[in-house]
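# Structure at a glance
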Amino acid sequence: MDYRELSVPGAWEITPKQFGDPRGVFLEWFKAGPFAEAVGHPLDLQQANASVSAAGVLRGIHFADVPPGQAKYVTCPKGAVLDVAVDIRVGSPTFGRWDTVLLDDVDRRAIYLSEGLGHAFLSLEDDSTVMYLCSTGYSPGREHGIHPLDPEVGIEWPTQDRAGRPLSYQLSDKDVAAPGLSEAAEQGLLPRLDDVQAYVESLRG
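Within each chain, residues carry numbers counting from 1 in the order of the written sequence. Since the coordinates come from a predicted model, pLDDT governs what is reported: local features require at least 70, and pairs of side-chain atoms require 80 or more to be given and counted, while whole-chain, interface and lining totals use all residues. With hydrogens and water stripped out, all remaining heavy atoms of the structure feed into the side-chain values.

Where an unreviewed UniProt entry is consulted, the protein appears under the name dTDP-4-dehydrorhamnose 3,5-epimerase RmlC, with the organism given as Cellulomonas aerilata. UniProt positions are given in the numbering used here, feature names are shortened, and annotations may be inferred rather than shown by experiment. Listed under Sequence similarities (unreviewed entry) in UniProt, the entry text for the protein is "Belongs to the dTDP-4-dehydrorhamnose 3,5-epimerase family."

Here it is, written out as structure tokens:
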């Protein structure tokens, strides 16, 4: 596995080695040892999720209160999505920065987003399947969102699907109603960098 830290600190792109023959392909999409070596601590797996999305479905930008937050290790075994990590940590030198990884059934990459980062993705093909390993379970009272089309964040979402056809974005009612980045900051919803760093450091111990 090859780990590459993104321009958003605390997010990594993971590229697996694939072994193919006439029967198909085998790969390891998560491995505890290389993960801990790259990130600095093990992944405490508490929940595994899967979602299936039509082309144009846009999910995010989602995040959870820290501590404990919710770290995510995400891959797309079928179809294709553009996955986005957003630095929403108040006090971070890269606050507001975002970076992307294309997750698909060709390169079969994964992305890891540590606690305190915002997460979003856009489905680029019908029935794109996304699988998440999560460090904490679902806790609705501690989970929040930022509108994925917020111009202040300015994510450059694709306008065409995997086949080159125009995309029409589809958002949940909850994501449509989500505040922008500045509004979320004013409401005190965003994690603070010092709290995130203290929590992540406790995982290293």
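For the rest of this paragraph, the subject is the overall build of the protein. Put simply, DSSP H or I for four residues or longer makes a helix, DSSP E for two residues or longer makes a strand, and each gets a number counted from the N terminus. What the protein contains, in helices and strands, is four helices and 13 strands. With respect to the three principal axes, the spread of C-alpha positions in the protein is 55 × 45 × 30 Å. Burial statistics for the protein: of 205 residues in total, 46% are counted as buried. Look at the contacts in the protein between residues 6 or more apart in sequence, and 79% of them connect residues 24 or more apart. Note on areas: Shrake-Rupley, 1.4 Å probe, and residue coverage restricted to the protein chains presented here. Carbon and sulfur atoms make up 51% of the accessible area of the protein, which amounts to about 9800 Å² in all. Only four residue types enter the charge count, namely Lys and Arg as positive and Asp and Glu as negative; His and the chain termini do not. Taken as the charge location is NZ of Lys, CZ of Arg, CG of Asp or CD of Glu. The averaged location of the 30 negative side-chain charges in the protein is 5 Å from the averaged location of its 17 positive side-chain charges. Only protein chains enter the accessibility calculation, which uses a 1.4 Å probe. A residue is then buried if its area is under 20% of the maximum for its type, exposed if over 50%, and partly exposed in between. In this analysis, two residues are considered to be in contact whenever any of their non-hydrogen atoms come within 4.5 Å of each other.

So, on to the packing of aromatic side chains. In this analysis, rings of Phe, Tyr and Trp, with Trp reduced to its six-membered ring, are considered paired at centre separations within 6.5 Å, and the interplanar angle assigns stacked below 30 degrees, edge-to-face beyond 60, and tilted for intermediate values. Per the counting criterion, the structure on display carries seven aromatic pairs. Look at F35 and Y112: their rings are 4.8 Å apart centre to centre, the planes differ by 90°, and that puts the pair in the edge-to-face class. Of the two residues, F35 is situated in helix α1 (residues 32-39) and Y112 in strand β10 (residues 110-113); the sequence distance between them amounts to 77 residues. The same class applies to F35 and to Y112, which are both buried. These aromatic residues form a ring-pair network of at least three members: W12, W29, F30, F35, Y73 and Y112.

Note: α-helices contain 3.6 residues per turn, so residues at a spacing of three or four share the same orientation. Expected helix span is taken as 1.5 Å per residue step, with the number of steps being one fewer than the number of residues. The end-to-end C-alpha distance of helix α4 (residues 193-204), which contains 12 residues, comes to 17 Å, matching closely the 16 Å that a straight helix rising 1.5 Å per residue would cover. The complete set of buried residues in α4 reads L193, V196 and V200. Mapping the buried residues of α4 onto a view down its axis gives an arc of 65°, with all of them on the same face. As used here, the arc is the angular range of directions from the helix axis to the C-beta atoms.

The subject of this paragraph is the pairing of strand β8 (residues 80-87). The element β8 is extensively covered by neighbouring structure, given that eight of its eight residues are classed as buried. Summarising the sheet, β8 and strand β9 (residues 98-104) pair through seven bridges and their orientation is antiparallel. By the bridge assignment for β9, V86 is matched with W98. Here, strands pair whenever DSSP counts at least two bridges between them. Sheet topology note: the β8/strand β11 (residues 117-123) ladder contains seven bridges and is antiparallel. Following the sheet pairing, L82 is matched in β11 by L122.

Moving on, we get to the side chain of T75. As for its position among the elements, T75 is in strand β7 (residues 72-78). When its relative accessible area of 6% is taken as the criterion, T75 is described as buried. Among the polar contacts listed, one links the side chain of T75 to the backbone oxygen of R109, at a separation of 2.9 Å. With near-sequence residues (within four places) excluded, T75 lies in contact with W29, L103, R108, R109, A110, T129, V130 and M131. N or O atoms within 3.5 Å of each other form a polar contact, as long as, within protein, one can give a hydrogen and the other can take it, and as long as residues adjacent in sequence are counted only when both atoms are side-chain atoms.

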